[in-house]
Structures are given as C-alpha cells and as structure tokens.
Amino acid sequence: MAENKLNIGGVDYDVACNMNALMDFLEESGSDDFSAFANIGKLKPTDMLPLMAACIREGERLAGRECNISAKEIGAVADFSILTQFMEIFGKAFSPKVTAEKK
C-alpha cells in the first residue's frame, strides 16, 4: 500500500510516515513533544532508528502485514545510506505542500 520502501537486511519494507507512526514513536520514547519533527535534521541520532522502526511498522500495517521490527534490529543491519533514504521519505511526507496560483 505504501509507495515508499526500504530494503533493510535484504527485506523490503513498506514505510509510512504518518501521524500513527509519530504517535507510536512519541509513546515509545516517553515524549509528547512534536517540536523535534519541525526539522528532521535536528532530531537526535538516538531518535532516528526508533522513528524509522515506527514508520516501518506502520507501513507494513497499512499493507496488511504484521511487523514487529525494532530499532535494534534495524541498527544491526542498516547503514547510513538506509538512514539517508529514510530521511528523504520522512522529509517528503511532512514537508509543507505549497501551491502557487498564477494570476
């Protein structure tokens, strides 16, 4: 269902960066503060893998598959190229969509 995918450890995962994923991430991290999401570049390195795991679990849920991947499991096989791909997916999902009207 998700158009965004990540290949982690030879497995393709659907990724959904939506409010459900953000809520799961915040709940797991014990936070209730959206300010970190205003600029993904300002997220702490320790937040990136748990956020990626939450977005993968949500993408897989939307695709009708159960997935319980953890940040530790991702960290064991992922490299910086995977992190970069995830940041691009996340950035596209939450960047403001501005339309200009020409008159």
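Definitions and cut-offs
Residues numbered from 1 in each chain as written. Predicted model: local features only at pLDDT ≥ 70, side-chain atom pairs only at ≥ 80, totals over all residues. Heavy atoms only, no water. Helix = DSSP H or I, 4+ residues; strand = E, 2+ residues; numbered from the N terminus. Contact = heavy atoms within 4.5 Å. Areas by Shrake-Rupley, 256 points an atom, 1.4 Å probe, with all protein chains shown as cover. pLDDT = per-residue confidence, 0-100. Pairing = 2+ DSSP bridges. Axes fitted to C-alpha atoms, helices over the stretch in contact; angles between N-to-C directions. Parallel < 35°, antiparallel > 145°, perpendicular 65-115°, else oblique. Left-handed = near helix turned anticlockwise from the far one by under 90°. Nonpolar A, V, L, I, M, F, W, Y, C, P; charged D, E, K, R; others polar. Phe/Tyr/Trp six-rings, centres within 6.5 Å; stacked < 30°, edge-to-face > 60°. Buried < 20%, exposed > 50% of the residue type's maximum accessible area, 1.4 Å probe, protein only.

Trainee: What exactly am I supposed to notice about the overall build of the protein here?
Mentor: When its secondary structure is counted, the protein shows four helices and two strands. Mapped in sequence order, the helices and strands of the protein form the string β-β-α-α-α-α. In the protein, the proportion of contacts linking residues at least 24 apart, taken out of those at least 6 apart, comes to 65%. For the protein, the exposed area adds up to about 6,800 Å²; of that, 53% sits on carbon and sulfur atoms.

Trainee: Mind showing me how you'd approach the confidence of the model for the protein here?
Mentor: Low pLDDT marks stretches whose predicted atomic positions should not be read closely. When pLDDT is averaged along the protein, the result is 86, and 85% of the positions lie at 70 or above. Between the elements of the protein, mean pLDDT differs from a low of 90, seen in helix H4 (residues 80-94), to a high of 96, seen in strand E2 (residues 11-15).

Trainee: Help me understand the pairing of E2 in this model?
Mentor: Of the pairings in the sheet, the one linking strand E1 (residues 4-8) to E2 comprises five bridges and is antiparallel in character. Within E2, the residue paired with Ile 8 across the bridge is Val 11. Counted along the chain from E1 to the antiparallel partner E2, the turn is two residues long, and its residue Gly 9 has a positive phi close to 60°.

Trainee: Sorry, what's going on with the packing of helix H2 (residues 45-62) against H4 here?
Mentor: Packed helix pairs are specified by the crossing angle of their axes together with the interaxial distance, meaning the distance between the axes. Running from N to C, H2 and H4 cross one another at 60°; their axes reach a closest spacing of 11 Å. The orientation of H2 with respect to H4, classified from their angle, is oblique. Seen from above, H2 lies across H4 with left-handed handedness. Of the residues in H4, those touching H2 at Met 48, Leu 51, Met 52 and Cys 55 are Ile 82, Leu 83, Phe 86, Met 87 and Phe 90. Residues belonging to the contact of H2 with H4 are distributed by class as follows: nine nonpolar, no polar and no charged.

Trainee: For this particular structure, what's the right way to read the packing of helix H1 (residues 19-29) against H2?
Mentor: Running from N to C, H1 and H2 point in directions that differ by 135°, and their axes come no closer than 8 Å. The pairing of H1 with H2 is recorded here as oblique in orientation. In terms of crossing hand, the pair formed by H1 and H2 is right-handed. In contact with Asn 20, Ala 21, Leu 22, Asp 24, Phe 25 and Glu 28 of H1, H2 contributes Asp 47, Pro 50, Leu 51, Ala 54, Cys 55, Arg 57, Glu 58 and Arg 61. Among the residues making up the contact of H1 with H2, the classes are represented as seven nonpolar, one polar and six charged.

Trainee: I keep staring at the packing of aromatic side chains and nothing clicks. Help me out?
Mentor: Geometry of an aromatic ring pair is reported as the spacing of the ring centres plus the angle between the planes. Overall, the coordinates contain one aromatic pair when judged by the stated rule. Taking the centre distance of 6.0 Å and the plane angle of 45° together, the rings of Phe 86 and Phe 90 count as tilted. Of this pair, Phe 86 and Phe 90 are both found in helix H4, four residues apart, which corresponds to roughly one turn of the helix. Per residue, the accessibility class of Phe 86 equals that of Phe 90, and both read buried.

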